[in-house]
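Coordinates in review
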Amino acid sequence: MPSTTMDANAIQKLYEVCKVSLSEKGPLSSESLDNVRAVLDMITPADVGLECEAEAVRVWRSPRALSRKRVFHSSPAIRYRHIYECKSFSVSPINRFCISTAKCCIWFSYCSIEVFVRSPSLLYYCIHMTLMYDLLPHYTGLQIGIFCIPASSIIPLHNHPGMTVLSKILYGTAHVKSYDWIDTAESLNLSKVRPAKVVRDGEMSAPCGAMVLHPGEGGGNIHALKAITPCAILDILTPPYSSEDGRHCSYFRRCPRSDPSGVLLNRTKGSEFVWLEEYQPHDNFIIRRDLYAGPALKL
C-alpha cells in the first residue's frame, strides 16, 4: 500500500537533484538522467497533495466508485498543476533573498525579480541591483508539473523537439503510444507529412517506474496519452518548450499514405510505421491551469 503521509522533502529532493543534473540543453549525462529518474520513481501522490484522488482511483471499478467521483473536478478538462519552471542560465546562484527598507522592498528568486519602490530616490539603486543580479550565471532549463487527466480524456499526439521528458504516473492507468521520426531521402515529398515508427504502444499503471522520452534513437519523443481511469502524471521537461529557441509544441495525426517501394519498411526493420501530418486539435481539447496543493519548493 503506497504511503499516505506527505513527505515535504520528497519534491524538494527531486528539485535539488534536477538542479545539479540538468542544463539548458537537457541532462548533463546518462548518469545524471538516471539520478533524476531514481528520485522521481520514489515520488508518491501524497508527496504532491494528491492522496485523496489516488485513493479514489484505487476503488474506481468497485461498487463504491460512484460515491468517490466527487473527489475529482467536475470539469472534463485536463488540468495542469504547475510546480516549477526555469528556462535559462541568466539568474543568480543565490536562492532567494530580500533587500527591504521602509521605502523599498526587493525580492529576488531564480526566475523573477519583484521590486516595490515607494521612493523615486531609490529607483537607481533598485535598477543597479537588478543588473548586477542578472549578470551572475546559473544553471538549468527545467519545468516540473502535474497533468490531472479525467477518465477517457486524450492528450493528442505531440512532439518534444530536442527535449528530454521524464513522466511518472502517480495514480491511475493510461495508454501511451510513442513514435520516432524516420529519416528519409530528400526525394520524398515530405512538406506536409512525415513517416514515423512506433516505439511504444501499451498501458502504464501506478505504481510503476518513470517513462523517459528523449531525442535519440528509440526515444519516442512524439507521443499521445489516453486516460483509462482518472490519472495524474508528474512531468519533468528539460529543456522546457520555447518557441524562441525552436522548441514549439506541435500536434500530429495519422495520414493515410503507402510505401510502394518498401524502403521505409526496410528502415524500420519490420516495426509498425505511420505517416503523420501536423494539425490543430479541436476546440474541445482544453488544458486548464490548476492549483498545486503539495509542499512549496524552497528555491
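All of the points below concern the structure found in this document.

1. A few points about the overall build of the protein
In terms of helices and strands, the protein carries six helices and 17 strands. Taking all 299 residues of the protein together, 47% fall into the buried category. In the protein, of all internal contacts separated by at least 6 residues, the share reaching a separation of at least 24 is 77%. Total accessible area computed for the protein in this model is approximately 15900 Å², and 55% of it derives from carbon and sulfur atoms.

2. A word on the sheet that holds strand 12 (residues 211-213)
Spatially, six strands are ordered 12-9-14-7-3-17 in an open sheet, and the strand pairing comes out mixed. Edge positions in the sheet fall to strand 12 and strand 17 (287-290), since each has one partner strand and no second. When strand polarity is set aside, the average angle formed by the axes of neighbouring strands in this sheet is 25°. Sheet topology places strand 7 (residues 142-149) next to strand 14 (residues 231-238); seven bridges connect them, and they run antiparallel. If you follow I146 over to strand 14, its bridge partner there is L234. Relative to strand 9 (residues 164-171), helix 2 (residues 30-40) is tilted by about 15°, and along the sheet it contacts strand 9, strand 12 and strand 14.

3. Overview of the nonpolar core
Nonpolar side chains in soluble globular proteins tend to be buried together. One finds L14, I83, I146, L234 and I236 to be the most contacted residues of the largest nonpolar core, which totals 33 residues. Breaking this core down by element, the ones donating at least two residues are helix 1 (8-21), helix 2, helix 3 (51-58), strand 3 (78-86), strand 7, strand 9 and strand 14. Here the element with the most residues in this core is helix 1; it accounts for six residues. If we ignore the near neighbours within four places in the chain, the residues touching I83 are I11, I144, G145, I146, L234, Y292 and L297.

4. Focus: the pattern of salt bridges
This structure, assessed with the given rule, holds nine salt bridges. Of the charged contacts in the structure, one is a salt bridge between E16 and K19, with a shortest N-O distance of 3.0 Å. You can see E16 and its partner K19 sitting in helix 1, three residues apart, about one turn around the helix. For E16, a relative accessible area of 31% corresponds to the partly exposed category.

5. Quick word on the pairing of strand 14
Judged by how many residues are buried, strand 14 sits mostly within the fold: eight of eight residues are covered. Side chains C231, I233, D235 and L237 project from strand 14 onto one buried face, and the interleaved A232, L234, I236 and T238 project onto a second face that is buried too. Bridge analysis of strand 9 against strand 14 gives seven bridges, and the strand direction is antiparallel. From the neighbouring strand, T164 faces strand 14, where its bridge partner is T238.

6. Topic: unusual backbone geometry
The peptide bond linking A206 to P207 adopts the cis configuration, its omega dihedral lying at 0°. Mapped onto the secondary structure, P207 falls in the loop between strand 11 (193-205) and strand 12. With omega at -10°, the peptide bond leading from T238 into P239 counts as cis.

7. With respect to the state of the cysteines
Counting across every chain of the model gives zero disulfides. Looking at C231, it has no disulfide partner, and the nearest cysteine sulfur is the one in C148, 8.7 Å off. You can call C231 buried: its relative accessible area is 0%.

Cut-offs used in this document
- Throughout this description, residue numbers start from 1 for each chain and increase along the sequence as written.
- Confidence filtering applies because this is a predicted model: local features only for residues at pLDDT of at least 70, side-chain atom pairs given and counted only at 80 or more, and all residues used for totals across whole chains, interfaces and linings.
- Here the side-chain values reflect all heavy atoms present in the structure, with hydrogen atoms and water set aside.
- Helix and strand definitions follow DSSP, with helices as H or I runs of at least four residues and strands as E runs of at least two, each counted in order from the N terminus.
- Summary of the burial criterion: residues with accessible area below 20% of their type's maximum are buried, those above 50% are exposed, and those between are partly exposed, where the area comes from a 1.4 Å probe applied to protein chains only.
- Pairs of residues are marked as contacts when any of their non-hydrogen atoms sit within 4.5 Å.
- Residue exposure ignores everything except the shown protein chains as possible cover, and the areas themselves are Shrake-Rupley values with a 1.4 Å probe.
- A pair of strands counts as paired when DSSP detects no fewer than two bridges linking them.
- An axis is simply a line fitted to the C-alpha atoms; with a helix, the fit covers only the stretch in contact. Between two such axes, the angle follows the N-to-C directions and lies from 0 to 180 degrees.
- Note on terminology: a nonpolar core comprises buried Ala, Val, Leu, Ile, Met, Phe, Trp, Tyr and Cys residues joined through side-chain atoms within 4.5 Å.
- Here, a salt bridge means any Lys or Arg side-chain nitrogen found within 4 Å of an Asp or Glu carboxyl oxygen.
- Any pair of cysteine sulfurs within 2.5 Å is marked as a disulfide.

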